[in-house]
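# Breakdown of the fold
Next come the chains, spelled out residue by residue.
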Amino acid sequence: MIKVSVLYPNSKDVQFDAEYYKNTHLPMITKLVGSALKGLELDLGIGSRVPGEPAPYVAIAHLKFESVAAFQESFRPHAAVFAADVKNYTNVQGELQISELIPF
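So, here is what we can say about the structure in this document. In this text, all values refer to a predicted model and were calculated from it rather than measured experimentally.

## Structural notes on the overall build of the chain
Helix and strand content of the chain: three helices and four strands. From first element to last, N terminus to C terminus, the chain shows the α and β order β-α-β-β-α-α-β. At 14 Å, the chain has a C-alpha radius of gyration in line with the 13 Å of a compact globule built from 104 residues. Dimensions along the principal axes, computed over C-alpha positions, put the chain at roughly 40 × 35 × 20 Å. A burial count over the chain gives 32% of its 104 residues as buried. Sequence separation of 24 or more characterises 74% of the internal contacts of the chain that already satisfy a separation of 6 or more. By element, 55% of the accessible surface of the chain is carried by carbon and sulfur atoms, the whole surface being about 6700 Å². Distance between charge centroids for the chain: 3 Å, based on 9 positive and 11 negative side chains.

## Describing the pairing of strand 1 (residues 2-9)
Most of strand 1 sits inside the fold, with seven of its eight residues counted as buried. As paired elements, strand 1 and strand 3 (residues 57-65) share eight bridges and run antiparallel to each other. Its bridge partner being in strand 3, valine 6 is matched across the sheet by alanine 61. Where strand 1 and strand 4 (residues 95-100) come together, six bridges link them in antiparallel fashion. Bridging across to strand 4, serine 5 finds its partner in glutamine 97.

## What to know about the environment of glutamate 66
Topologically, glutamate 66 is positioned in the loop between strand 3 and helix 2 (68-75). In this structure the C-alpha to C-alpha distance between glutamate 66 and alanine 36, which are 30 residues apart in sequence, comes to 7.5 Å. Among all residues touching glutamate 66, those that are not within four sequence positions of it are Met1, Ile2 and Lys38.

## Brief notes about the packing of aromatic side chains
Aromatic ring pairs are reported here in terms of the distance separating the ring centres and the angle at which the planes meet. Scanning the model with the defined rule gives 11 aromatic pairs in all. Plain terms: the ring middles of phenylalanine 71 and phenylalanine 75 are 4.8 Å apart, the flat faces sit at 50° to each other, and that makes the pair tilted. In this pair, phenylalanine 71 and phenylalanine 75 are both assigned in helix 2, four residues apart and thus about one turn of the helix distant. For the residue pair phenylalanine 71 and phenylalanine 75, the accessibility class agrees, reading buried in each case. The rings of Tyr8, Phe16, Tyr20, Tyr21 and Tyr89 are connected pair by pair, giving a single aromatic cluster.

Cut-offs and rules
Residues numbered from 1 in each chain as written. Predicted model: local features only at pLDDT ≥ 70, side-chain atom pairs only at ≥ 80, totals over all residues. Heavy atoms only, no water. Helix = DSSP H or I, 4+ residues; strand = E, 2+ residues; numbered from the N terminus. Rg over C-alpha atoms; globule rule 2.2 N^0.38 Å. Buried < 20%, exposed > 50% of the residue type's maximum accessible area, 1.4 Å probe, protein only. Contact = heavy atoms within 4.5 Å. Areas by Shrake-Rupley, 256 points an atom, 1.4 Å probe, with all protein chains shown as cover. Lys, Arg positive; Asp, Glu negative; His and termini not counted. Charge placed at Lys NZ, Arg CZ, Asp CG, Glu CD. Pairing = 2+ DSSP bridges. Phe/Tyr/Trp six-rings, centres within 6.5 Å; stacked < 30°, edge-to-face > 60°.

So, in structure tokens, the structure goes:
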């Protein structure tokens, strides 16, 4: 199992419409990638290690897939649609990380 995380860095000038992301963008991804998606979580940053300072990321989406191949096969046909929608919820470029999930 792998996890694809999309991390949206926080900054003074960042704009991020969490409601649009939660209610429109993520449901669109869920619908288009279909059964390849095994799980989805959304983290909305509320703080950092220093009390009173903003979170380093305004949002992080975690999408679970059986394999890197399953992720690529389900995302590739829709990548342009997903990218075109970014302007509707943020002005920041998301960082993508693919991780192997290790159960404990």
